[in-house]
Amino acid sequence: MFKYADLDFDSGVDAYQPFENGIMVQFKNGSQYEYTTFSAGKYHIDMMKKLARNGDGLNAYINRHVRMGYSRKIR
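Residues numbered from 1 in each chain as written. Predicted model: local features only at pLDDT ≥ 70, side-chain atom pairs only at ≥ 80, totals over all residues. Heavy atoms only, no water.

**Quick notes on helix H2 (residues 42–54)**
Operational definition: A helix here means a DSSP run of H or I that spans at least four residues, while a strand means a run of E at least two residues long, and both kinds are numbered starting from the N terminus. The span expected for a helix works out to 1.5 Å for each residue beyond the first. Think of it in three bands: with a 1.4 Å probe and only protein chains considered, a residue is buried below 20% of the maximum accessible area for its type, exposed above 50%, and partly exposed in between. Summarising the geometry, the arc corresponds to the directions from the helix axis toward the C-beta atoms. The contact criterion used throughout is that any non-hydrogen atoms of two residues lie within 4.5 Å.
Given a rise of 1.5 Å per residue, 13 residues ought to cover 18 Å, and the 18 Å separating the end C-alpha atoms of H2 matches this to within 8%. Listed as buried for H2 are His44, Ile45, Met48, Lys49, Leu51 and Ala52. For H2, the buried positions fall inside an angular range of 165° around the axis, keeping them on one side. In H2, the exposed positions angled more than 90 degrees off the buried face are occupied by Lys42, Tyr43 and Arg53. Check the buried side of H2 and you find it contacts strand E2 (13–19), strand E3 (22–27), strand E4 (32–36), helix H1 (37–40) and helix H3 (58–66). Downstream of H2 by a residue or two, Gly55 has a phi angle that is positive, lying close to 75°.

**Notes on the pairing of E4**
What counts is decided by this rule: One requirement defines pairing of two strands: DSSP has to find at least two bridges between them.
Counting buried positions over the five residues of E4 gives five, a clear majority of the element. Neither face of E4 is open: one carries Gln32, Glu34 and Thr36, the other Tyr33 and Tyr35, and all of them are buried. As judged from the five bridges shared by E3 and E4, these two strands associate in the antiparallel manner. Looking across to E4, one finds that Val25 is bridged to Tyr33. Of the pairings in the sheet, the one linking E4 to strand E5 (residues 72–73) comprises two bridges and is antiparallel in character. Among the inter-strand pairings, Tyr33 is bridged to a residue of E5, identified as Lys73.

So, in structure tokens, the structure goes:
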């Protein structure tokens, strides 16, 4: 997983792992969620990957647009 930069130091996201059809997001509380193009839609996955790379806005985007759009919770 890649460490999330959190440029504003205000995110609940700790790390992320992009993959071909989705992204795995690990939150600071240790929970991990997998989001896929099937569960959240290609547009949202593309946006989440972009925000993850940029290190800002991913947590807010998830809360606003894909909150329950995960394919599975890992832990």
